[in-house]
Amino acid sequence: MPRVVSFARLAFFGAASATGLWICWVGAGGEVSRKNPDSSRTQTAGQGSKREILQLPTVERSTASQPLTGLTSDTHLDMTPPRQTTGLDLVKLGWTYNCMECHKLLAAKWHYERPMVEHRSVRLEHGNNRFCLNCHHPVNRNAFVDYDGSEIPEPEVVLLCAKCHGTTYRDWNAGVHGRRNGHWNVSTGPQTQLRCIQCHDPHQPKFQAMKPLAPLRYPRRAPKPPPAVTPSHHGTAKS
Amino acid sequence: MTNPPANDGKPKTTENAAQPRSRRTFLKATAASMAGAAGLAAALKPLLALERGELTIEALLQKHYKRLTPEDLERILRKLEAACEKEYGVRASVRDIKPMAGAQYAYALNLSRCIGCRKCAHACLKENNQSRDSEDDIEMSYIRLLELDQGAINLETADHYYNPEQVPRENKYYMPVQCHQCRESPCTKVCPVQATWQEPDGVVVVDYNWCIGCRYCMAACPYDARRFNFQKPRISPAAINPDQSYLSNRVRPKGVVEKCTFCLHRTRQGKYPACLEVCPTGARVFGNLLEPSSEINYVLRHKRVYILKEDVGTKPRFYYFFEK
Amino acid sequence: MKDYVTFLWRVARLSFQGGWKFYAWMALLSALALVGLNAWTQQFVEGLTTTGMTNQVSWGAYIANFTFLVGVAAAAVMLVIPAYVYKKEFMHEVVVFGELMAIAVIIMCLLFVVVDLGHPERFHHMIPPFGIFNWPLSILSWDVIVLNGYLLLNLHISGYLLYSRYLGRKPTKKFYIPFVFISIVWAVSIHTVTAFLYVGLAGRSYWHHPLVPSRFLASAFAAGPALLIVTFQAIRRVTRYWIGDEPIFTLRMIMTVAMIINVFLLGCELFTEFYSPTAHAAAARYLYFGLHGHDGLVPWIWTAMALDFIGLSLLISPWSRRIPGLNVACVVSFVGIWIEKGMGLIVPGFVPTPLGQVVEYVPSLNETLICLGIWAFGALLYTWMLRVAIPIMNGTFRAQATPATAGGTGAASIVQ
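Residues numbered from 1 in each chain as written. Chains lettered and ligands numbered in written order. Predicted model: local features only at pLDDT ≥ 70, side-chain atom pairs only at ≥ 80, totals over all residues.

## A word on the overall build of chain B
Part 1: Within chain B, the regular secondary structure consists of 10 helices and 12 strands.
Part 2: For chain B, whose C-alpha radius of gyration is 27 Å, the value lies well above the compact-globule estimate of 20 Å for 324 residues.
Part 3: Counting all 324 residues of chain B, 51% fall into the buried class.
Part 4: In chain B, of all internal contacts separated by at least 6 residues, the share reaching a separation of at least 24 is 64%. (Helix = DSSP H or I, 4+ residues; strand = E, 2+ residues; numbered from the N terminus. Rg over C-alpha atoms; globule rule 2.2 N^0.38 Å. Buried ≥ 20, exposed ≤ 12 C-beta atoms within 10 Å, placed from the backbone. Contact = placed C-beta atoms within 7 Å.)

## Notes on the sheet that holds strand β10 (residues 284–288) of chain B
All names here are of chain B.
Part 1: The 4 strands lie next to each other as β10-β2-β12-β11, forming an open sheet whose pairing is mixed. At either end of the open sheet lies a strand with only one pairing partner, and these are β10 and β11 (305–306).
Part 2: Bridge count between β11 and strand β12 (residues 318–321): 2 bridges; the pairing is antiparallel. Each residue of the ladder has a partner; that of V305, found in β12, is F321.
Part 3: Its contacts with the sheet place helix α10 (residues 295–302) against β2 (105–110), β10, β11 and β12, and it is angled at close to 110 degrees to β10. (Pairing = 2+ DSSP bridges. Axes fitted to C-alpha atoms, helices over the stretch in contact; angles between N-to-C directions.)

## What to know about the nonpolar core
Part 1: Counting 233 residues, the largest nonpolar core has L69, A73, L100, V105 and C109 of chain C as its most contacted members.
Part 2: Looking at this core element by element, the count peaks at 15 residues for helix α6 (residues 95–116) of chain C.
Part 3: With residues up to four places along the chain from it excluded, the contact list for L100 of chain C reads S158, Y382, M385, L386 and A389 of chain C.
Part 4: Listed in part, the 8 residues of the second largest apolar core include I152, L194, C196 and C199 of chain A. (Core = buried A, V, L, I, M, F, W, Y, C linked by C-beta atoms within 7 Å.)

## A closer look at the pairing of β10 of chain B
Residue and element names in this part refer to chain B.
Part 1: The element β10 is largely enclosed, with a buried count of 5 among its 5 residues.
Part 2: Along β10, one buried face is formed by R284, F286 and N288 and the opposite face, lined by V285 and G287, is buried too.
Part 3: Inspection of the sheet shows β2 paired to β10 by 5 bridges, in the antiparallel sense. In the strand pairing of β10, Y105 is matched with N288.

## A closer look at helix α3 (residues 61–74) of chain C
Part 1: For α3 of chain C, built from 14 residues, the straight-helix expectation of 20 Å at 1.5 Å per residue is met to within 8% by its first-to-last C-alpha distance of 20 Å.
Part 2: Of all the 14 residues making up α3 of chain C, 14 are buried; the element is thus mostly covered by neighbouring parts of the structure. (Expected span 1.5 Å × (residues − 1).)

## With respect to the packing of helix α1 (residues 2–15) of chain C against helix α14 (residues 365–393) of chain C
All names here are of chain C.
Part 1: The contact between α1 and α14 brings their axes to 9 Å, and the two run at 115 degrees. Judged by the twist between their axes, the crossing of α1 over α14 is right-handed. Across the interface between the two elements, V11, L14 and S15 from α1 touch W384, R387, V388 and P391 from α14.
Part 2: Broken down by class, the residue content of the contact of α1 with α14 amounts to 5 nonpolar, 1 polar and 1 charged. (Left-handed = near helix turned anticlockwise from the far one by under 90°. Nonpolar A, V, L, I, M, F, W, Y, C, P; charged D, E, K, R; others polar.)

## Observations concerning the packing of helix α10 (residues 245–275) of chain C against helix α12 (residues 298–316) of chain C
Residue and element names in this part refer to chain C.
Part 1: Where α10 meets α12, the closest approach of the two axes is 10 Å, and the angle between their N-to-C directions is 140 degrees. The angle between α10 and α12 places the two elements in the oblique class. The two elements α10 and α12 cross, and the hand of that crossing is left-handed. Packed against α10, whose contacting residues are M255, T256, M259, I260 and V263, the element α12 presents D308, G311, L312, L315 and I316 at the interface. (Parallel < 35°, antiparallel > 145°, perpendicular 65-115°, else oblique.)

## Describing the environment of G342 of chain C
All names here are of chain C.
Part 1: With respect to the element layout, G342 can be found in helix α13 (residues 323–346).
Part 2: For G342, a count of 23 C-beta atoms within 10 Å corresponds to the buried category.
Part 3: Not counting chain neighbours up to four residues away, the residues in contact with G342 comprise A64, N65, T67 and F68.

## Remarks on unusual backbone geometry
Part 1: A cis amide bond, omega 5 degrees, links P128 of chain C with the succeeding residue P129 of chain C.
Part 2: For P129 of chain C, the location among the structural elements is in the loop between α6 and α7 (139–167).
Part 3: Backbone torsion omega between V351 of chain C and P352 of chain C reads -5 degrees, so that peptide bond is classified as cis.
Part 4: Its location among the elements puts P352 of chain C in the loop between α13 and α14.
Part 5: Although it is not a glycine, R215 of chain B adopts a positive phi angle of roughly 65 degrees.
Part 6: Mapped onto the elements, R215 of chain B comes out in the loop between β6 (204–206) and α7 (216–220).
Part 7: The backbone of F262 of chain B sits at a positive phi, close to 55 degrees, despite the residue not being glycine.

Here it is in structure tokens:
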């Protein structure tokens, strides 16, 4: 048995390295541009040079392919989507979005010991969930898994989240959780509503912190602006 | 005690005691009156700087919004459009959008979700054509963002100027405050000329052409929701939102009070207000109270709602609620 | 009627007669008033951005002076009550000066309101039928009524009494006595209503306090008589009208009682604000001790407190039984109350804002000039009224014998 496992491992690494080299070659050929060279997105700490070769370019999905928030006519308003999702790297390199294309080669397992090639940016920090198969369907990777092992199709991902987040799902359905934009009165125009994963990274669902926009200024005509930081706020200024 | 001298009894007039008129006194009087006139003219000189068209008989005779005939109103709207084009080179459409029948608006804000990013306060400026010294000057924004210490709702410790690298900060929470469109609105009550009133859909509006600028409403507001145009609004033409309405976001004259109208030019057309549209977390909930299935009614039914300064008795249409 | 026109003509001529001191004084006041007018036109053109006021502190020196002066105007009643209710003869010699002061001061009040407006040219929006007068809902509309009413009452009473005296006839009681009694109630009302302007605002806890109207009256009845005492001495010194010591010392008594009540109420207020550390006491903490590093008003309020206490101590001590001591007490109390009730009452109402923002306020130069101009104009007005009233009162300015034949009908038509 261990021999079989190590063989599978070797085979996998071989395939993965080949894919990686192919990707590098394509990249050098200029057919794929690195739109986002931000290396902080991929974890390189403690990894060898061989692994670096394996790094895949992360390419942001164009905003056009992002789901709509609100009305296109509101050009004066900041409609930045809450989460800039990055599509799968292989997909962007011309592979289809059919997960089974790869995964038919790779049997579902509860536990993977080694870092993967694709999905390396995935760090699972989502409550009690420790395994991919907590959410992903073990057989059909294009779907998610319901309580009874049945499939939840990808477009209905909200139902997956609803498995645990019932109250939130109820609120979302009522338009009270998450973003509902456009027309409040649907008889006058379109309304958009974002799904869970458009704001929350399902693997790290905590809403991302952000830089606040420019603060209020102390009025120009008033004397004596306040001390830069009020004493009570000193303690938490750094963190 | 001194003896009071007789204060009456001498029918001799003071004029008799005065010197007879002479050339000298005449010259003196002329000089004095000329000096006086010159002084008066000098004192009034700054009035020359008044812009043409700022003080017109027509403007002085314009009636209160509620008393305008449709024709009058139409004419005024076109004039406002012309003024906007002339002054800023922006072709605006200034409309008068009447309240929708069967609509009563209310707003709810999820305090557990707000991260204090200030996008709402900035979007308010972009939507409502407020005066600003620079594009990121939110003094006139209708929304104030408060950073509060967890463990209390103590506005007195609020930080209005917080500017960390990232929000939300540890041990802090954030509270945006804007006009609560109170049912018992102190601001409309105190206005001596009824330049501000509550519309049938619950929105408190200001007729900028009727306001006398006494700022009594600002003193009366418990939510610091009103702003005053201390000067002629400063706004760059590029920043002007051309979709304007008479009672909300048209470019204001100086010397009048303005306030949040729940973006009535949007909401009365069925759209969400600008602050809600940009809120990244979806902490803002807006809806029609008269529609039982609306989001706002859902909040009121299912959430624990907190009313800011409930003790003041204003009965706001703005609610805060909590999660978890 | 012809008599009345003659009277006005003579008054106009009389107004410009006087010694060089009179001219210098009037020229100084006119110049200051013109400087104020100039500053105001500047403000009118540029907007209230020329002031120190902000969205956070939206009322400032104008409204502070207004509030204080309404009290001074109301204090004329402290001459009327002894004269007409207690029938003190000696008060009748001076009561008209109090009423004239009320006129001048009310006009100052109205000016302070007008300069505070963002759109003074829209004043007619308040006057029906073109305008809309939000009465009885808006306390400001009540204030407009009581202030103008008080102005008219005093114009009528003092005008009638002076004109009768000019004509040398005894004033008909029914033409002024009822108004005198109305004016007593009315004087109280102007200051109460002005207090209600603030007390009615539940959102401003510093003002939303039942003691405020009582304190307003108490401080007004101290500050008003203080000014009258000093004015009476000025009148008896620089004019040919003798005012005895009785009115002055009657006023001293009134002032003492009012000052005791004022300081007592102040103590009550301080106790309430500071015994329990409520959120509502933030404004008081700002005023007395500073808040979050902002302490602009602290020196002022402690000066005011010190002046109030010095004034009170002088008033209750034998010191003030002599004129110099009394004068010190008057000046000290007047200034103390002016600070405490003007800036000390208005500005902390806005600090911190209802959302806890602490923004301070200091009047700008332009704003100060406008205030100064209005004070100068008030003094000008009062001096002018005294210039006319004193000769009438001491009999040197009378209807001449020649038109006396026609005087009967003429006077009657005026009286109507």
